[in-house]
Amino acid sequence: MTRDKEKKAAKARLYYQKNKEKIKLYLKNNKEQIAAGGKKYRSKPGVKARRKKQHRAYYLANKDKAKLYYQNNKEKITAHKRVWREANKKQEATQQKVYKKANKGKIAAQRRAYNLANQDKANLYRQANKKKIAARAKAWAKANKKSIAKTRRGYREANKDKIAGKAKAHYGANKEKYSRRSRVWRKNYPERVKFHCQKRRARKKNIIHAFTVKEWKQKLKDTFGVCPVCDTYKGINKLSLDHIFPISKAKPGRVYTIKDIQAICKSCNSSKGAKIETENQINQSLASQQQTKLELAEKKPGGIET
Ligand SMILES: [Zn+2]
């Protein structure tokens, strides 16, 4: 303190000593007014910032003292905080929101540092609470199904190239494994192979196969091995898929359901070629096509592909 200030302080002290009772009475009688004045003064932007800075500096200079005080008064402080929080719930929530938004990077870095420093602790906790954690994760996933799906969809859409690249690289690195697996699969499921070939061919011609392997297998079974065109027993394995309305005459986007498909023998299939037998057959097929489209539209608006 400078000499001037010292003098002033001494004078004030003296004045206070002399007029103690008077001052106390004044303070007592004007409590609210004084508090309001103080509050108003402290809320001035300049004052607020200055006081904050002062507090910070004082805290930094007296950290140990503050820590000690905290340790000695823990319960009192937490109780006080609890009361304040209860009374200022909304304010605290907004404050936290603002803080979180403004300090995203800082918070993430802090969390990362904490996690890194406490890995062992985390591992221990994880090991001790495996079931609890799994149950919680499961419950969370169940409760957030839609948002998870949305997030994943968004990720897939935003990272199409990355995902495709990864898949390609993975395939390249595991080519043999995949081709071996594919060979085994093709050997075990010949009908499925045929089905998928048909489907690919159909897609190439821009027509739509709206039926499943299961439906096609049932269709084959229903023939008992008899070709429905020449009415001859050939065996189920000798019958193949035929589009009743020929693909070569079909307009792009034509839908073939299981009703538009038959299982016939090879010789009938090749002799039929791209010929349409009768006018009647065309009309029948067209009618069934209309019916099919209507049914599909009713069943599943917007989607007809299997
Ligand atoms: Zn036949």
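All of these numbers come straight from a predicted model, not from anything done at the bench. (Residues numbered from 1 in each chain as written. Predicted model: local features only at pLDDT ≥ 70, side-chain atom pairs only at ≥ 80, totals over all residues.)

J.: Which residues make up the overall build of the chain, and what values go with them?
T.: Looking only at helices and strands, the chain has 17 helices and six strands in total. Burial analysis of the chain (306 residues in total) assigns 7% to the buried set. In the chain, the share of contacts with a sequence separation of at least 24, taken over all contacts with a separation of at least 6, comes to 61%. (Helix = DSSP H or I, 4+ residues; strand = E, 2+ residues; numbered from the N terminus. Buried ≥ 20, exposed ≤ 12 C-beta atoms within 10 Å, placed from the backbone. Contact = placed C-beta atoms within 7 Å.)

J.: Summarise the nonpolar core; cite the residues concerned and give the values.
T.: The biggest cluster of nonpolar side chains holds 15 residues, and the ones touching the most others in it are Leu 239 and Ile 264. Within the residue set of this core, elements represented by two or more residues are β4 (239-243) and β6 (261-265). When residues in this core are grouped by element, the largest group, three residues, is from β6. (Core = buried A, V, L, I, M, F, W, Y, C linked by C-beta atoms within 7 Å.)

J.: Let's hear about the pairing of β4: which residues, and what values?
T.: Taking burial as the measure, the five residues of β4 include four buried ones, the bulk of the element. Pairing of β4 with β6 involves five bridges; the strand directions are antiparallel. Residue Asp 242 lies in a different strand from β6, and its bridge partner there is Gln 262. (Pairing = 2+ DSSP bridges.)

J.: Which residues make up helix α12 (residues 160-173), and what are the values?
T.: Helix length check: α12, at 14 residues, gives a terminal C-alpha distance of 20 Å against a target of 20 Å (1.5 Å per residue), a fit within 8%. A small share of α12 lies buried, amounting to zero of its 14 residues. (Expected span 1.5 Å × (residues − 1).)

J.: How would you sum up unusual backbone geometry? Please name residues and give values.
T.: Located in the positive-phi region is Phe 224, a residue other than glycine, with phi close to 55°. Mapped onto the secondary structure, Phe 224 falls in the loop between α15 (213-222) and β2 (226-227). One non-glycine residue, Asp 231, adopts positive backbone phi at about 55°. For Asp 231, the location among the structural elements is in the loop between β2 and β3 (232-233). Under the C-beta neighbour-count criterion, Asp 231 is labelled exposed, with 8 such atoms within 10 Å.

J.: Residues and numbers for the confidence of the model for the chain, please.
T.: Counting all residues, the mean pLDDT for the chain is 86, and 88% of those residues have values of 70 or more. Scored below 50 in pLDDT, residues 273-279 makes seven contacts in the model with residues more than four places away or belonging to other chains. Per-residue pLDDT stays below 50 along residues 301-306; that stretch engages in ten contacts with residues further than four places along the chain or on separate chains. (pLDDT = per-residue confidence, 0-100.)

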